[in-house]
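Below, each chain spelled out in residue letters.
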Amino acid sequence: MSVPAGPTSVPGQLQPALSPSGTSVNSADGSSELSLPSSAATGSSSITGSSAMAGYSNRGPGGLPTELTCRPMGLVVLTGLDITYNAIHRDIWDSFVSGRRPDRVPLNFKVLPGDHEYPKCRSKQRTSYEWYIPKGILKSGWMKKHLSEVPSLVVLFYDLDWDENLWKERQMECATRVEVVRTSLQGRLTRVAVVLIQKNAPLPPGEDVVAAERAAALCAACDLSAKSLFVLPWTGHLLGYTVRLENAFYELSQSYYHMEARKVKAHREFLNKTTHQLLFVRHAFKIAFFSELKQDAQNALKQYKTAYGHLTELRAHDSNMLEIKTIAGFINYKICQQLFTHNAPLDAISQFRKHIDLFKNRVGCPELAFENSDWMSKQFSIFGELFDEAIKMGLTAIQTQHPGFYYQQAANHAIARKQLCRGLCQHATHMPSPNPLEGANNLDFFGQRPWRQGHQSIDPPDAQMEKEGITALQYQELLVDHSWIIIPLLSSAVAQFKKYKSARMKRFLMVQMGEEYYHAKDYSKGLTLLGRVTWDYRSERWWSLLTSILVTSLRCAYLVASLEEYVTISLEIMGRYSQSSPEEKTRVQMNLIRVMSNVPPEAEPGCSSEAVEQAKGLWKGDVTKAEQPKTFTLEMQNIVPFVEFKACFSKNRFTADVPITLNVYIRPSCQFPIRFSKLSVQLSNPIYNAQCIVTDGQPIGEPIMPHDSDTTGDLYLIPNKVKVYTFQFIAVPEDVGKKIEIVSISLSLGDEANRCAHLHWSGGGGDAASVTNIQECVSKRRGEPKEEELDWHLIKIEQATSIASRIPLMEIKLEHAAPSIVNEPYSILATITNKEKTTIRNASITMGLKEGQDSQLEQTTQVSEDIVNFEQNPSICKSRLKGINIEDLASDQQIVRQLYVRCLQVGTRSIIVRVAYTVDAQVEKQASAVSCVCYKDEDVKLDTVMPFDVSIRLTSSKFEEVSSVYAGEPFLMMTDIKCTSPWPLQIVDSHLTLSTDVDFTDEDVESQLKGILLKKYEQACECLSLVTNSNQTKTTISLGQYTVQWRRASDDSDQPIVKTEMALPDISVEHLPLHIDTDLPSHGLVRVPLALQFTIVNHTEMVQNIEASIDPSEAFMFSGHKQVFFRILPSDDQTLLYNLYPLIPGYVKLPRLHLKTPQAPTITDDVVSKMIPSHIYIKPQGKTIINT
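Residues numbered from 1 in each chain as written. Predicted model: local features only at pLDDT ≥ 70, side-chain atom pairs only at ≥ 80, totals over all residues. Heavy atoms only, no water.

Colleague: Go over the packing of helix α17 (residues 523-539) against helix α18 (residues 543-559), please, and point to the residues and values.
Modeller: Running from N to C, α17 and α18 cross one another at 155°; their axes reach a closest spacing of 9 Å. When the interaxial angle is binned, α17 and α18 end up roughly antiparallel. The way α17 lies across α18 gives a crossing that is left-handed. Residues Tyr 523, Leu 527, Leu 530, Val 533, Thr 534, Tyr 537 and Arg 538 of α17 lie in contact with α18, whose contacting residues are Trp 543, Leu 545, Leu 546, Ile 549, Leu 550, Thr 552, Ser 553, Cys 556, Ala 557 and Leu 559. (Axes fitted to C-alpha atoms, helices over the stretch in contact; angles between N-to-C directions. Helix = DSSP H or I, 4+ residues; strand = E, 2+ residues; numbered from the N terminus. Parallel < 35°, antiparallel > 145°, perpendicular 65-115°, else oblique. Left-handed = near helix turned anticlockwise from the far one by under 90°. Contact = heavy atoms within 4.5 Å.)

Structural data, given as structure tokens:
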């Protein structure tokens, strides 16, 4: 892509383009002039009369001009651009000013015509200061001039291509325009540069000879160096070219400000400490400011500190004190700003403290002491803003050092300014004529008085004018509404203390803000703000502070005619925790009665007469509009009112046939008796609310005539005397087993038909404030209270009571034979007897597990009325059975019901039987009977045990215990059943349900335990012969399930049969390649031959080569192969036959068979010996008895 030409006389020597980027500037709206905001960018015009005073007041002592607080950036003027009618020029301008990003160079661009007149430069530079007396420290227009009027660089944009046909004419025109620019600068050192706008992209370096020649000629004609001529191709990548141009402009701009700073430094050698002290400050400030424009922050900070040091050496007196403090504020601001920017907050804080300590006592003219407070306030406020900005940029503050403290001090000095104004300015009733403050905004030097500009002597030139000037400043100060200066400062401080979690400081400042709103006559905001902090002062029991806040709030509420707020605050001021005097409380109570009687209250003391007249009109208007009844509710838990109450039930538990008694105790703490119109209690069940109401028929404004104490409807309360109101009602049947709670209590003040305030308390009440001081807990009087008096501190709040069912008169007897056995339908015989004096009705039985037991018991317990349901409908058998209706029972009548429980797991359970019934009961003080639902419970603890302890053993056919079996080989399963029940059990049947992998060796298998009776700890055994399927390949198989059917041993043939099922264990199966079947008689006779046959079966898929041999035996003679070799094909067999001839009787050991199988190494002698019999019983020969 094409790039702009570098700063060289040969345009072809190009540099790589920078990537497009942007940065923010003072203005990005595309306007033709980039300028500073406010007055820093526009000339200050002369303001006369009150406008001049207002402008001067806004600026004020210690205020900072805009040109001081903005970021100093070098001014670059672009000329030759027609941004109104030329689209190309407009795009070029936008590329400089639109969408600038922080990484672009800090320059301030302006578009001005070529013949624009710049500020004139001094025609002759001063070479000696011997007779020069400075008239001030810093000229008011100097910073603005160098920021927005005197450019560091003027850039002439000119449309000219290298191949222009009329090159000579266009070259002369360009040179003429450059000369016009130089003439308008009037001898200043401002740099001048030319940018050629070309439509054609430049050629690579060294290829365009014509361009190089014409560039050199143009530089000579315009008297420019090669570094001041640039080319801007008009292509699609304009932003990249613009960034390159900006960087070149930035270097030229920096060189200008560097030369300006050196020129100022050169003047120092002509100065002396005697008469040129002001110039030392001025020159150091100028050098620092030029360093900032040059973006040399380190040197700027150094020079500002130098200027501040020279300033502190100045001789200060009343006539120049304001100027010194003004410039000191400027320099201190710059120093602190630079220190925060360089991440040195501790140095900034140290500098500010030194600054304040140096000038806080330099008041100046005593008649203008308020100016010192104003200056101090602005110093703290400005530093707080700098501190806050640094925090936003990443600085970390702490709770003990943050901007809130500086905003608070600024507010305190503003308050001191207001107080000094009241003390010093009251005599200034008018502005002197002529106005001494005329032209206050157009001073030549910062901080000087408009009536004696440039005067540096100690004594004023005109004493009378000085006096009139002081009077004018005092009169101007009287016109300032200080509250609107104090409130924003306090608001900023509140935000900071809230941010750093300093709650008490935040509340303190909010109170100050509220009071300032009151002084500013914005009573609504003051009332709102004070209302936000009263709760915290109540909770922390700052009664004196709370009282002061309430007094101010009451004035605000009166002045804005806020009825609800006025009544709420009055209720609290009248209370016993208020620190107001008894006279004040009496006055407030009288006003409260007037307001609730629809009569305007008397004015609050301390209010201005003008505000009181307006408030009277508001109150009268509110009274005339009161055609509709006006009622409102006030939440008493949010305040500390003068009336306290405690509500309690007489007992914490009532039965359904006993009236519920509720007592409400009320104690007022006002100054004289007061009458309320209505007392109502709201309970958790609204059906009782109508029975808990007391209404007083007398209006609040009637003469104070108490009711008879025995008459209902008396709400006339005497101060500090406890009065009790009692309510009674009968609980409805729906509330039996529930709680009744006091939800709220409402006390009405006023007439509901006209104006009424409902005082609303939540819950059961209590003291007006939580008691933390022991002195408030102890009664102030000595001795015991009188009989007719109640001690408030001894009354205990009972906010809730429970309603229990009527005590039942019924007897339940449960008969059963514990313990129960797992899976057994356990019988419980329930005998129910009516002991009531009348017939019971709607009776029903509920049986099941007692609440609150293990959840596992819930799932393993079944209850039923019919034993058949356990087998036929097990899904309806839950852990609880409800609604077993029984007929009505007359007095002393009895009924018996059979119930069943089946427990599926061992453990201890609590089984409850509940009978619910309805009976008519007589209630105290009630003529008619009340229908009550009664509940009678009877529970039993039930232990459940297992019927048997079953163990399984596996043995070989020789009754040797084995851990695994061979596939296809018979084995024995031994089941040992031990009775663990304390009750004798009869086994009805037992059977084995085998899995598909196991079979019985016998065809017909019957239970060996049928009919056996087992007592506790007795044991029975059953032996079953099984064999695994030879064709299955599993290594682990399940045997199946063993089932025992039993019942309790009893003469009753109706005892239910219970089935107990046990899962049999899994067994390991070993697969042998060979199997041996033996055919041998069960016994033999001596000297009688018997046959022994071995059949060897090959279960593998390979041919087995086998060597068989048999050991000789002394007990037998035998015929057959003693040793033989043979081969068995897959799935084939081979038979070995031997004839044995027994020689001796007894349990004789057979000859032992040995097999050698090379293809089946697992067939060892031990394996073979397990598959064949080892002994046989041989009987002796019988003897013939010969009868003789």
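Colleague: I'd love a proper account of the sheet that holds strand β19 (residues 810-815), names of residues and values included.
Modeller: Taken together, four strands build an open sheet; the order of strands is β19-β21-β25-β23 and the sheet is antiparallel. The sheet is open, and its two edges are formed by β19 and β23 (861-864), each paired on a single side. With direction set aside, neighbouring strand axes in the sheet form an average angle of 25°. Bridging between strand β21 (residues 825-834) and strand β25 (residues 894-903) involves nine bridges; their strand directions are antiparallel. (Pairing = 2+ DSSP bridges.)

Colleague: Residue-level account of a positive patch on the surface, with values.
Modeller: A cluster of basic residues, Arg 262, Lys 265, Arg 268 and Lys 302, forms a positive patch at the surface. With respect to the helices, strands and loops of the structure, Arg 262 is situated in helix α7 (residues 238-265). (Patch = residues over 30% accessible without salt bridge, like charges linked within 9 Å, V, L, I, M, F, W, Y side chains within 5 Å. Areas by Shrake-Rupley, 256 points an atom, 1.4 Å probe, with all protein chains shown as cover. Salt bridge = Lys/Arg side-chain N within 4 Å of Asp/Glu carboxyl O. Lys, Arg positive; Asp, Glu negative; His and termini not counted. Charge placed at Lys NZ, Arg CZ, Asp CG, Glu CD.)

Colleague: Describe in detail a nonpolar patch on the surface, supporting the description with residues and values.
Modeller: A contiguous nonpolar surface patch, about 250 Å² in accessible area, is contributed by Met 1117, Leu 1143 and Ile 1144. For Leu 1143, the position within the fold is in the loop between β45 (1133-1142) and β46 (1146-1149).

Colleague: Summarise a negative patch on the surface; cite the residues concerned and give the values.
Modeller: Side chains of Asp 1002, Glu 1003, Asp 1004 and Glu 1006 sit close together on the surface and give a patch of like negative charge. Relative to the helices and strands, Glu 1006 is located in the loop between β32 (998-1000) and β33 (1013-1014). A residue is classified by how much of its surface remains accessible, and Glu 1006, at 66% relative accessible area, is exposed. (Buried < 20%, exposed > 50% of the residue type's maximum accessible area, 1.4 Å probe, protein only.)

Colleague: Report on the sheet that holds strand β48 (residues 1175-1179), specifying residues and quantitative values.
Modeller: Note on sheets: strands pair through backbone hydrogen bonds, and any given pair is parallel or antiparallel. Read from one edge of the open sheet, three strands run β40-β48-β46, paired in mixed fashion. Both edges of this open sheet fall to β40 (1083-1085) and β46, since each of them pairs with a single strand only. For this sheet the average axis-to-axis angle between neighbouring strands, irrespective of direction, equals 40°. Summarising the sheet, β46 and β48 pair through four bridges and their orientation is antiparallel. Across the sheet, Lys 1149 pairs through a bridge with His 1175, a residue of β48.

Colleague: I'd love a proper account of the nonpolar core, names of residues and values included.
Modeller: A general tendency of soluble globular proteins is for nonpolar side chains to be buried together. The biggest cluster of nonpolar side chains holds 155 residues, and the ones touching the most others in it are Ile 331, Val 567, Leu 679, Leu 683 and Leu 759. Residues within four places of Leu 679 in sequence aside, it is in contact with Val 664, Ile 666, Cys 692, Ile 693, Val 694, Leu 715, Tyr 725, Phe 727, Ile 745, Ser 746 and Leu 747. One finds Val 1086, Leu 1150, Ile 1163 and Met 1171 within the second-largest nonpolar core, a separate group that totals 32 residues. (Core = buried A, V, L, I, M, F, W, Y, C linked by side-chain atoms within 4.5 Å.)

Colleague: So, the packing of helix α13 (residues 403-424) against helix α16 (residues 503-519): which residues are in play, and what are the values?
Modeller: Where α13 contacts α16, the axes come no closer than 12 Å and their chain directions differ by 30°. Taken together, α13 and α16 sit at an angle that is classed as roughly parallel. Both α13 and α16 take part in a crossing whose hand is left-handed. On the side of α13, the interface is formed by Gln 408, Asn 412, Ile 415 and Lys 418, while α16 contributes Met 505, Phe 508, Leu 509, Gln 512, Glu 516 and His 519. Among the residues forming the contact of α13 with α16, the class breakdown is four nonpolar, four polar and two charged. (Nonpolar A, V, L, I, M, F, W, Y, C, P; charged D, E, K, R; others polar.)

Colleague: Please provide a residue-by-residue account of helix α9 (residues 297-312), values included.
Modeller: Taking 1.5 Å per residue, 16 residues should reach 22 Å; α9 reaches 23 Å between its end C-alpha atoms and fits that length. Those residues of α9 that sit buried are Ala 300, Leu 301, Gln 303, Tyr 304, Ala 307, Tyr 308, His 310 and Leu 311. Along its buried surface, α9 packs onto α8 (277-293), α10 (321-341) and α11 (345-359). (Expected span 1.5 Å × (residues − 1).)

Colleague: Could you give me a rundown of the side chain of Gln 589, with the residues and numbers involved?
Modeller: Within the secondary structure layout, Gln 589 lies in helix α20 (residues 582-596). Classification of Gln 589 as buried rests on a relative accessible area of 0%.

Colleague: Which residues make up the packing of aromatic side chains, and what values do they have?
Modeller: For any pair of aromatic rings, the description consists of the separation of the ring centres together with the inter-plane angle of the planes. All told, the structure shown has 34 aromatic pairs when counted by the stated rule. Here the aromatic rings of Phe 1094 and Tyr 1138 are separated by 6.3 Å at their centres, their planes lie at 70°, and the arrangement is edge-to-face. With Phe 1094 in strand β41 (residues 1090-1098) and Tyr 1138 in strand β45, this pair connects stretches of sequence that are 44 residues apart. As far as burial versus exposure is concerned, Phe 1094 and Tyr 1138 are alike and both buried. Here the aromatic residues Trp 142, Tyr 256, Tyr 257, Phe 285, Phe 289, Phe 290 and Tyr 304 are joined through ring pairs into a cluster of three or more. (Phe/Tyr/Trp six-rings, centres within 6.5 Å; stacked < 30°, edge-to-face > 60°.)

Keep in mind these numbers describe shape, not what the thing actually does.
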